[in-house]
Amino acid sequence: MRQTIRVALLLTCSLAPTAWSQEFDRRDFSGTWDRYPQSLDSRRDPSVVPAPVDIPTPPLKPQFVAAYEADRKRRADADKRGEPIATGYTHCLPDGMPSMMMAMFPMEVLQTKRQVTIIQEAYNQVRRIYLNDTTPAIEDAEPGFWGHSAGHWEGDTFVVDTVGIKEAVQVRGTPHSANMRIHEEMRMLTVDHFQNEVTVTDPDYLTGPWKWKWVYQRRPNYKMYEYVCEDNREYADPESGAARLRVVK
Amino acid sequence: MFDHENQVKMTGKVVEFHWQNPHVYIHLEAAGKDGKVREWTIECANPGILNRIGWKFNMIKEGETITVIVAPLRTGEPGALLKQVTLADGRKFGNGAPAGPPNIE
């Protein structure tokens, strides 16, 4: 009798291991992902995984707060007037890091032995995270939009450090220096969700760590679209900085 | 940039249709609120967003008559953001979540 039960259990496990036990490879992020939750998409159920909280106000050093607040107010006032200020997108510029990881559009993760590659559909953004590597010293880190990323596993958590982000590449107008570091801890929450806990530090601009979480939900069988910022009719008004639309005259 | 409160419904002939990033554009010869026929530059979302809500790159063709609901430019120039399009065959499409739904019928 005991033998029969054991055989039955083994059969059940081998036939449908995922459904039966919800076991999955917690070190495999490969696939296509949406940011979560997608507020206007009825297929998403925010009760499955708690929605991440919004990015908090950055802990800027006191001498940088006034300029930051003034810029936020200028943009908010312009939005209220219905004349939004142009952004990097108006100039066909991609998000860069870390904003790319908000997953404005679907995001694809590819894992190979030596690197994890993350592709964001918007602006064809690509970041390469080299495994078991180290980030370069700040003075050797050539600044770019996605910087230099090194990743390693700590248990089931994928830990990534990034340096070398251009000073003009900012999260919501937050200034930063060449000394900014982006630390990410990615972990699977369920077979169809993973979380990225982001910590930004910058001894020149911030009083302490600036932290938030992004969550992603699997978008099965999705094929990524290309994105070339080919013919942008929007432009920035040279005087006011407001976004304008070029029309046929 | 766009006046979302005072939306306009227009029917006209498609002059050009550009399926491209960062935005898809429809050029439509149509009369705005002032009754004057002009060539309107109508901004849509991008191909990725539109594909995901059922659009197809060739579903609008030059010469066809379509009806649009748009949020016009505040400057009064003949430009607008699409809210909804009704194709010649009667099918209706929105312009994705960022643009939002129309507030007129």
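Analysis parameters
Residues numbered from 1 in each chain as written. Chains lettered and ligands numbered in written order. Predicted model: local features only at pLDDT ≥ 70, side-chain atom pairs only at ≥ 80, totals over all residues. Heavy atoms only, no water. Helix = DSSP H or I, 4+ residues; strand = E, 2+ residues; numbered from the N terminus. Expected span 1.5 Å × (residues − 1). Contact = heavy atoms within 4.5 Å. Buried area = accessible area lost by both parts, 1.4 Å probe. Salt bridge = Lys/Arg side-chain N within 4 Å of Asp/Glu carboxyl O. Polar contact = N/O pair within 3.5 Å; in protein donor to acceptor, adjacent residues only side chain to side chain. pLDDT = per-residue confidence, 0-100.

**Observations concerning helix 3 (residues 62-80) of chain A**
For helix 3 of chain A, built from 19 residues, the straight-helix expectation of 27 Å at 1.5 Å per residue is met to within 8% by its first-to-last C-alpha distance of 27 Å. Note on helix 3 of chain A: the residue one or two positions beyond its end, Gly82(A), has a positive phi of about 80 degrees.

**Side note on the interface of chain B and chain A**
Listed by partner, the interface residues are 24 residues for chain B and 27 residues for chain A. Taken together, the two surfaces of chain B and chain A that pack against each other cover about 2100 Å², and 54% of this comes from carbon and sulfur. Counting across the interface, chain B meets chain A through 1 salt bridge. A salt bridge links Glu121(A) to Arg52(B), with the nearest nitrogen and oxygen atoms 2.7 Å apart. For the pair chain B and chain A, the number of links is 11 residue pairs in polar contact (both at pLDDT 80 or more). Contributions of two or more residues to the side of chain B that touches chain A are made by strand 2 (25-31), strand 3 (37-43), helix 1 (47-52) and strand 5 (79-86) of chain B.

**Thoughts on the confidence of the model for chain B**
Within chain B, residue pLDDT values average 97, and 100% of them lie at 70 or more. For this predicted complex, the interface confidence score (ipTM) comes to 0.94, while the overall pTM stands at 0.89.

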